[in-house]
Amino acid sequence: MMRTGFVGGSIIRWRRSVLQKTSMDNRAMIATGAAVGIAAVITARALTGAGSQFEPPLLDKREHQVAFGYVEDENRGENPMNPPIFREDPYFWVRDDARKNKEVIKHLEKENAFTDFKMKPLKKYTESLYKELLSHVQETDSTVPYKHGPYEYYTKTLEGSSYKIHCRREIGSEKEEIILDENVLAKGKKHCDVGAVEVSPSHQLLAYAVDSTGYETYEVLIVNIGTGKVVDQALTETAGRLTWGRDDKHLYYSTFDQAHRVDKVWRHSLLDTKNNDILLFEEEDELFSAGFQKTRSERFMFIGSQSSETSEGYMIDLTKENTEAELIAKREKGVLYDVNEYRGKLYIITNKEDAKNFKLMSTSVDQPGPENWKEVMPYDKDIKLDLLSSFKDFAVLYGRQGGFTQMWIVRGDDDALTRGEFEEKAY
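So, here's what we can say about the structure. Treat the numbers as computed from the prediction; the structure is a model and nothing was measured. (Residues numbered from 1 in each chain as written. Predicted model: local features only at pLDDT ≥ 70, side-chain atom pairs only at ≥ 80, totals over all residues. Heavy atoms only, no water.)

**Side note on the pattern of salt bridges**
Which entries qualify depends on this criterion: Every case where a carboxyl oxygen of Asp or Glu lies within 4 Å of a side-chain nitrogen of Lys or Arg is listed as a salt bridge. Whether a residue is buried, partly exposed or exposed follows from its accessible area with a 1.4 Å probe, protein chains only, as a fraction of its type maximum: under 20%, in between, or over 50%, in that order.
Applying the stated criterion to the full structure yields 23 salt bridges. In this structure, Asp-60 engages Arg-62 in a salt bridge whose closest nitrogen and oxygen atoms are separated by 4.0 Å. Residue classification places Asp-60 among the partly exposed residues on the basis of a relative accessible area of 46%. When its relative accessible area of 32% is taken as the criterion, Arg-62 is described as partly exposed. Between Asp-386 and Lys-384 there is a salt bridge whose closest N-O contact spans 2.3 Å. Taken together, the shared-partner salt bridges in this structure form one network comprising Asp-60, Arg-62 and Glu-103.

**Looking at the sheet that holds strand β22 (residues 359–364)**
Rule in force here: The pairing criterion for strands is at least two bridges between them, as found by DSSP. To qualify as a helix, a DSSP run of H or I must reach at least 4 residues; to qualify as a strand, a run of E must reach at least 2; elements of each kind are numbered from the N terminus. Between the N-to-C directions of two axes lies an angle of 0 to 180 degrees, each axis being a line fitted to C-alpha atoms and, for a helix, fitted only over the stretch in contact.
On the basis of which strands lie adjacent, the open sheet formed by four strands has the order β20-β21-β22-β23 and antiparallel pairing. Of all the strands in the sheet, just β20 (337–342) and β23 (374–377) have a single pairing partner and so form its edges. Each strand of the sheet is rotated relative to its neighbour by a mean of 35°, with strand direction disregarded. Strand direction decides the pairing type here: β20 and strand β21 (residues 345–350), joined by six bridges, are antiparallel. Among the inter-strand pairings, Val-339 is bridged to a residue of β21, identified as Ile-348.

**Digging into the packing of aromatic side chains**
Note the threshold: Aromatic rings from Phe, Tyr and Trp, taking only the six-membered ring of Trp, are treated as a pair when their centres fall within 6.5 Å; an angle between ring planes under 30 degrees marks them as stacked, one over 60 as edge-to-face, and anything in between as tilted. For a ring to carry a charge above it, either NZ of a lysine or CZ of an arginine must fall within 6 Å of the ring centroid while also lying within 35 degrees of the normal to the ring plane.
Under the definition given, this model contains eight aromatic pairs. Relative to Phe-302, the ring of Phe-300 lies with its centre 6.5 Å away and its plane at 5°, an arrangement referred to as stacked. Comparing Phe-300 with Phe-302 shows no difference in burial state: the two are buried. Ring pairing ties together the aromatic residues Tyr-146, Tyr-151 and Tyr-153, which thus form one cluster. Taking the ring centre of Trp-93 as reference, the NZ or CZ of Arg-62 above it sits at 3.8 Å. The ring of Tyr-151 carries the charged tip of Arg-168 above its face, separated from the ring centre by 3.9 Å.

**A look at the sheet that holds strand β25 (residues 395–401)**
Strand order across the open sheet formed by four strands is β24-β25-β26-β27, with antiparallel pairing between neighbours. A single partner strand is all that each edge strand has here, and the edge strands are β24 (383–390) and β27 (416–419). Strand after strand, the sheet turns through a mean of 25° between neighbouring axes, direction not considered. The sheet contact formed by β24 and β25 spans seven bridges and is antiparallel. Bridge pairing links Ser-390 to Ala-395 in β25.

**Overview of the pairing of strand β10 (residues 219–224)**
One ladder, built from six bridges, connects strand β9 (residues 205–211) with β10; its direction is antiparallel. Within β10, the position partnered with Tyr-208 by the bridge is Leu-221. Where β10 and strand β11 (residues 230–232) come together, two bridges link them in antiparallel fashion. In the strand pairing of β11, Ile-222 is matched with Asp-232. Where β10 hands over to β11, the hairpin turn is made up of five residues, of which Gly-228 adopts a positive phi near 80°.

**Side note on unusual backbone geometry**
The residue after Asn-82, namely Pro-83, is reached through a cis peptide bond having omega 10°. As for its position among the elements, Pro-83 is in the loop between β1 (65–68) and β2 (85–88). Despite not being glycine, Glu-353 shows a phi value in the positive range, around 60°. By relative accessible area, which is 61% here, Glu-353 ends up exposed. Residues other than glycine seldom take positive phi values, yet Phe-358 does so here, at roughly 80°.

Honestly, that's just the spatial picture; any functional story needs more than this.
Next comes the structure, spelled out in structure tokens:
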């Protein structure tokens, strides 16, 4: 559900991808981090007070006032404190978003050298802890394959590798095809984080986003899966999310503003050699962030913008040439809503009209406005609704009831709801 995300359930999908990424990516690195953390505690206890040729590097304190409340020419929300309150931050000068301040870099190098010196007596314990932790990690593993067109797609990790390998095989075949090996991609790089990995509708092209700096800004590469040849490398400094349109001609992506807030959604054309990408949506309010999500029917692209308590959604019909985004419901302070599409209807999970735990409503795709919304599952304070996921012949509504996660099946044109039943008392 889009409590802190965007329309189309994109933030939930993002959360799921992060969880999967955590469980599959960089397992050895996670174990290393844990081992170092434990060893650091031992170091602090064992070496406290011990003299050394290294003294801990200390930062200079420099006077700086940080304002909390109204600041001229800055968006500080509605009714910020005026006059503002000021707090002293003597270490504000250390902030270096560009990672180019030589004085800060020099201090970090000193801290690293001091840490290495303190940790040296415990090196053998660190290695032992690392091996112990790694022994509990299933390094060679794979995700459950999912059907997409004529293929089954999945990812896997191999013992000794730090990154995922993206694979597919034709349905009914055991012959594996590697479409992207993140380990190969990471070679020679100090940092490598792969964002979206998206196969085109024809299954011939692969678009993926990669961050090689650690600043969470992604370059996008589009390759021919059959030949491995890069066919498009025009997109840089993106937010890392990608979605294809209905064909291989268009790719949707988003970008940041100077504050690293996702504020723009674009459409990139692979046939346009001049790279005149179309700006579909721009969020100017600094309290809101933008996102996008294609429906499973591949008919609509939802674009949304949301703050911590308010959301606003738009839709683009991908079957039409027009790229203008149609407003679903104008933002209203305190009102959140999440939109998905199933069998020519829009389904909206919303807290509108003081539905704190959210309710389910629907309307025709031709009449998306809130004046046309009709209740499908009226508000019940004892039921919390989270997300609706649509499939070919039904939709699934997820939530919580009676302390348990719960799901309801939505079928037919009459929006008939059937609650899922489980044999176990606890599930």
